[in-house]
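Descriptive analysis of the structure
Residue strings, one per chain:
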Amino acid sequence: MVKEKQLEYSEFQPAMLDEAKRRRKAAKIIAVLEHFHGPLEGLTVGDVGCSAGFIADELAAAGAGRTLGIDIDVPGLRKAADRFGKRVAFICGDGTALPFPDGSVDVLVFNHIYEHVVDPDAVVAEMHRVLSEDGVLYLGLGNKLGIMEPHYKLPFLSYLPAWLADRYVRASGRADHYYERFRTRRGLRKMTRAFYVWDYTFPVLATPTAFAGGELFPGVLGRIAQGVLARTPRAVLKLMLPLVPTYLWVATKRPRTPAGAALPQPPERL
């Protein structure tokens, strides 16, 4: 089956309309961006794949001088414009042809979107084009080898060829087709090869409170897990990387280093 555009995505993925969850994600994204770059005040910021606009609204609230939300999800964009249109400019547009001049955007967010688009390499190339020379791109990237598929909560779904994945989701009663296409860590690094990339995956997991997040697990178990992650040698943690379900990367067009405070597990240049 040829992959198709997932139009009206928010209409069949209710998680996109879970405001509390989306705003928590936004807080983490902003914390990572500010650790790497510094405050967002006065910057032009774009959320590519904004859907109902909760993350874009939080970016505006964080001080962005101009905030842009881009998507092909028309029902989601209508909801977003109705609520947040006074401080966010929402645009119906394809990520492979962003309607912005070269080097005109200071910060871009591309959070858990690549697996939904027809040509993620073309979208990444477009983001490289519109990003300013000193700009920053936040990437939340699902891993093909993450055991539990995040959208349909079916184990090993993303491991399967398209025809078998379709049968799996139909048999589960959760969808008619499986459109998402994930990549491995190696494939993701190839997709972002035009950028300089810093990996924030372990910093966020080991010190979640520094990135506006809760514990990996609640209660005592969470505190123990956080302590173990903070103290484990990076060489050991790297053994986990092929199966980590989500990678959190920050990408730039020219070499830069994180501006924020030292962390028990610091960001690492890829």
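Described below are features of the structure shown in this document. (Residues numbered from 1 in each chain as written. Predicted model: local features only at pLDDT ≥ 70, side-chain atom pairs only at ≥ 80, totals over all residues. Heavy atoms only, no water.)

Considerations on the overall build of the chain
What the chain contains, in helices and strands, is 10 helices and eight strands. In terms of overall size, the chain behaves like a compact globule, its C-alpha atoms giving a radius of gyration of 18 Å where 270 residues would be expected to give roughly 18 Å. Burial statistics for the chain: of 270 residues in total, 50% are counted as buried. Long-range contacts, defined here as pairs at least 24 residues apart, represent 71% of the contacts in the chain between residues at least 6 apart. Carbon and sulfur atoms make up 59% of the accessible area of the chain, which totals about 12400 Å². Both charge centroids of the chain, one from 35 positive and one from 29 negative side chains, sit 6 Å from each other. (Helix = DSSP H or I, 4+ residues; strand = E, 2+ residues; numbered from the N terminus. Rg over C-alpha atoms; globule rule 2.2 N^0.38 Å. Buried < 20%, exposed > 50% of the residue type's maximum accessible area, 1.4 Å probe, protein only. Contact = heavy atoms within 4.5 Å. Areas by Shrake-Rupley, 256 points an atom, 1.4 Å probe, with all protein chains shown as cover. Lys, Arg positive; Asp, Glu negative; His and termini not counted. Charge placed at Lys NZ, Arg CZ, Asp CG, Glu CD.)

Structural notes on the side chain of His 35
For His 35, the position within the fold is in helix α2 (residues 19–37). His 35 gets classed as buried once you look at its relative accessible area, which sits at 12%. Sequence-distant contacts of His 35, that is, excluding residues within four places in its chain, are made with Tyr 200, Phe 211, Pro 258, Ala 259, Gly 260, Ala 261, Leu 263 and Pro 267.

Overview of helix α5 (residues 120–130)
For α5, every residue scored as buried is listed here: Pro 120, Val 123, Val 124, Glu 126, Met 127 and Val 130. Burial along α5 is one-sided: seen end-on, the buried residues are contained in an arc of 160 degrees. In this fold, the buried residues of α5 make contact with β1 (44–48), β4 (105–111), β5 (131–142) and α7 (185–191). (Arc of directions from axis to C-beta.)

Overview of the pattern of salt bridges
Enumeration according to the criterion identifies 13 salt bridges in this entry. The partner of Glu 19 in a salt bridge is Arg 23, with the nearest N and O atoms 2.9 Å apart. Placement of the pair is Glu 19 and Arg 23 together in helix α2, with a separation of four residues, close to one helical turn. Among the residues examined, Glu 19 registers a relative accessible area of 26% and is labelled partly exposed. Taking the shortest distance from any N to any O, the salt bridge between Glu 58 and Arg 23 comes out at 2.6 Å. Taken as a pair, Glu 58 in helix α3 (residues 54–61) and Arg 23 in helix α2 lie far apart in primary sequence, 35 residues in all. On the basis of relative accessible area, Arg 23 is assigned to the buried category, the value being 17%. Here the salt bridges do not stand alone but share partners, grouping Glu 19, Arg 23, Asp 57, Glu 58, Arg 83 and Arg 87 into one network. (Salt bridge = Lys/Arg side-chain N within 4 Å of Asp/Glu carboxyl O.)

Description of a nonpolar patch on the surface
On the surface, Ile 147, Phe 156, Tyr 159 and Leu 243 cluster together into a nonpolar patch covering about 360 Å² of accessible area. Along the chain, Leu 243 turns up in the loop between α10 (234–237) and β7 (246–252). (Patch = residues over 30% accessible without salt bridge, like charges linked within 9 Å, V, L, I, M, F, W, Y side chains within 5 Å.)

Re the nonpolar core
Nonpolar side chains in soluble globular proteins tend to be buried together. In terms of nonpolar packing, the biggest core is built from 40 residues, with Leu 108, Phe 110, Met 127, Leu 137 and Leu 141 touching the most fellow members. When contributions to this core are tallied by element, the ones reaching two or more residues are β2 (66–71), β4, α5, β5, α6 (162–172), α7, α8 (201–206) and β7. Leave out the neighbours within four places in its chain, and Leu 108 touches Gly 46, Val 48, Met 127, Val 130, Leu 131, Val 136, Leu 137 and Tyr 138. (Core = buried A, V, L, I, M, F, W, Y, C linked by side-chain atoms within 4.5 Å.)

Let's talk about the packing of aromatic side chains
Taken as a whole, this structure holds six aromatic pairs when the rule is applied. Between Phe 54 and Phe 84, the ring centres sit 5.9 Å apart and the planes meet at 70 degrees, which makes this aromatic pair edge-to-face. A residue pair is termed long-range when its members are at least 10 positions apart, and Phe 54 in helix α3 and Phe 84 in helix α4 (residues 74–84) qualify at 30 residues. On the basis of an interplanar angle of 85 degrees and a centroid distance of 6.2 Å, the ring pair of Tyr 114 and Phe 182 is categorised as edge-to-face. (Phe/Tyr/Trp six-rings, centres within 6.5 Å; stacked < 30°, edge-to-face > 60°.)

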